[in-house]
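Descriptive analysis of the structure
If you want the building blocks of each chain, they are given just below.
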Amino acid sequence: MTHYPWASLVKPSKHYWSSSTLATRILSFHHCHMRSFGTKTEPFLSRPLKVYALACTFGWAEDADKLSEQTLDLDLSSPYYAEVLKSIDSTFLYKLFQLRWGIKAEVVDGIRLTADMSYDDCYGCKPNCTSSETPAEEEWECLELLIRGELDRCPDGSSLRQSKFWSQVGLARLWNLRCNECGERAVRKSSVKERSLWRLDEAEPFTKK
Ligand SMILES: [Zn+2]
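Residues numbered from 1 in each chain as written. Predicted model: local features only at pLDDT ≥ 70, side-chain atom pairs only at ≥ 80, totals over all residues.

Topic: the overall build of the protein
Per the secondary structure count, the protein includes 10 helices and zero strands. The order of helices and strands in the protein, counted from the N terminus, is α-α-α-α-α-α-α-α-α-α. Here the protein, with 209 residues, has 23% of them falling under the buried criterion. Sequence separation of 24 or more characterises 70% of the internal contacts of the protein that already satisfy a separation of 6 or more. (Helix = DSSP H or I, 4+ residues; strand = E, 2+ residues; numbered from the N terminus. Buried ≥ 20, exposed ≤ 12 C-beta atoms within 10 Å, placed from the backbone. Contact = placed C-beta atoms within 7 Å.)

As structure tokens, then:
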């Protein structure tokens, strides 16, 4: 198990502090340092994950739950986090990733519903056009893959909120799909973006805030 500098200071001891007091102290320490140093430099980027690992070590499930939400802007596929991840108990590790998978599933489900034309507002060409043809699947799969990739790297979905994600070259074919009947653009980019961000906001843990 990895040893953290402050771990020796907070060894569980019923004689001195209750576990809830310990939790409060560690969390205060964490918040204090987050404020002091910000999150710009790498040594401090991993701090939320280290504090999460510490809460897991002590078995503080409730604190671990809250702390896991603070790790959503970390790309855990980076080798930088490997050692901390290896130190986390498998049950807590599963929960950490379950949170991430849940967010991804919510947004991807929204994209599939959109592709299946469940959201009428995402489609439209000329107002009186009667076409009801299902648009090409490949283009929607491309969007789904790109979203999966973004949410793997950034489960907080922050990159999906940036217009450059929706304007990237890889999505040009989707936005340029034409209605077979009237020849106008069939997919409304702004509505697809809006729907996706709505699904993102609907995902745990964002609904709790
Ligand atoms: Zn049309």
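More follows now that the structure is in view.
Here's the deal with unusual backbone geometry
Of note in the backbone geometry, Met 117 takes a positive phi value of approximately 65 degrees without being a glycine. Secondary-structure assignment places Met 117 in the loop between helix H6 (90-115) and helix H7 (137-153). Look at Met 117 and you get partly exposed, because 13 C-beta atoms sit within 10 Å.

Quick word on helix H3 (residues 47-57)
Counting buried positions along H3 gives nine out of 11 residues, so the element sits mostly inside the fold. Just downstream of H3 lies Gly 59, where phi reads positive at about 75 degrees.

Considerations on the packing of H6 against helix H10 (residues 189-202)
Put simply, H6 and H10 touch, their axes get as near as 8 Å, and they point 145 degrees apart. Crossing angle aside, the handedness with which H6 passes H10 is right-handed. Judged by residue contacts, Glu 106, Val 107, Asp 109, Gly 110, Ile 111 and Thr 114 of H6 engage Val 192, Arg 195, Ser 196, Arg 199, Leu 200 and Glu 202 from H10. For the contact of H6 with H10, the per-class residue count stands at four nonpolar, three polar and five charged. (Axes fitted to C-alpha atoms, helices over the stretch in contact; angles between N-to-C directions. Left-handed = near helix turned anticlockwise from the far one by under 90°. Nonpolar A, V, L, I, M, F, W, Y, C, P; charged D, E, K, R; others polar.)

Here we look at the packing of H3 against helix H4 (residues 61-69)
Contact geometry of H3 with H4 gives a least axis separation of 9 Å together with a crossing angle of 165 degrees. One way to sum up the angle between H3 and H4 is to call them roughly antiparallel. H4 is crossed by H3, and the crossing has left-handed handedness. Packed against H3, whose contacting residues are Pro 48, Val 51, Tyr 52, Ala 55 and Cys 56, the element H4 presents Asp 63, Ala 64, Leu 67 and Ser 68 at the interface. Of the residues contributing to the contact of H3 with H4, the split by class is seven nonpolar, one polar and one charged. (Parallel < 35°, antiparallel > 145°, perpendicular 65-115°, else oblique.)

Concerning the environment of Val 192
Considering the arrangement of structural elements, one finds Val 192 in helix H10. Taking the C-alpha atoms as reference points, Val 192 and Tyr 123, 69 residues apart in sequence, are found 8.7 Å from one another. Residues within four places of Val 192 in sequence aside, it is in contact with Thr 114, Cys 122 and Val 187.

What to know about the environment of Tyr 123
Relative to the elements of secondary structure, Tyr 123 occurs in the loop between H6 and H7. Placed 65 residues apart in sequence, Tyr 123 and Arg 188 show a C-alpha to C-alpha distance of 5.6 Å. Sequence-distant contacts of Tyr 123, defined by excluding residues within four places in its chain, comprise Met 117, Ala 186, Val 187 and Arg 188.

What about the nonpolar core?
The biggest cluster of nonpolar side chains holds 16 residues, and the ones touching the most others in it are Val 107, Ile 111, Trp 140, Leu 143, Ile 147 and Val 187. Discounting residues that sit within four places of it in the chain, Leu 143 has contacts with Ile 111, Leu 171 and Leu 174. Counting residues in each nonpolar core, the second largest holds 13 residues, with Leu 49, Val 51, Leu 54 and Ala 64 among its members. (Core = buried A, V, L, I, M, F, W, Y, C linked by C-beta atoms within 7 Å.)

Considerations on the environment of Glu 141
Mapping Glu 141 onto the fold places it in helix H7. Sequence separation between Glu 141 and Arg 112 is 29 residues; the distance between their C-alpha atoms is 8.6 Å.

A word on H10
Taking 1.5 Å of rise per residue, 14 residues should cover 20 Å, and H10 covers 20 Å from first to last C-alpha, within 8% of that figure. Regarding H10, the residues found buried are Val 192, Arg 195, Ser 196, Arg 199 and Leu 200. Buried residues of H10, seen end-on, are gathered within an arc of 140 degrees and therefore sit on one face of the element. Considering only its buried residues, H10 is in contact with H6. (Expected span 1.5 Å × (residues − 1). Arc of directions from axis to C-beta.)

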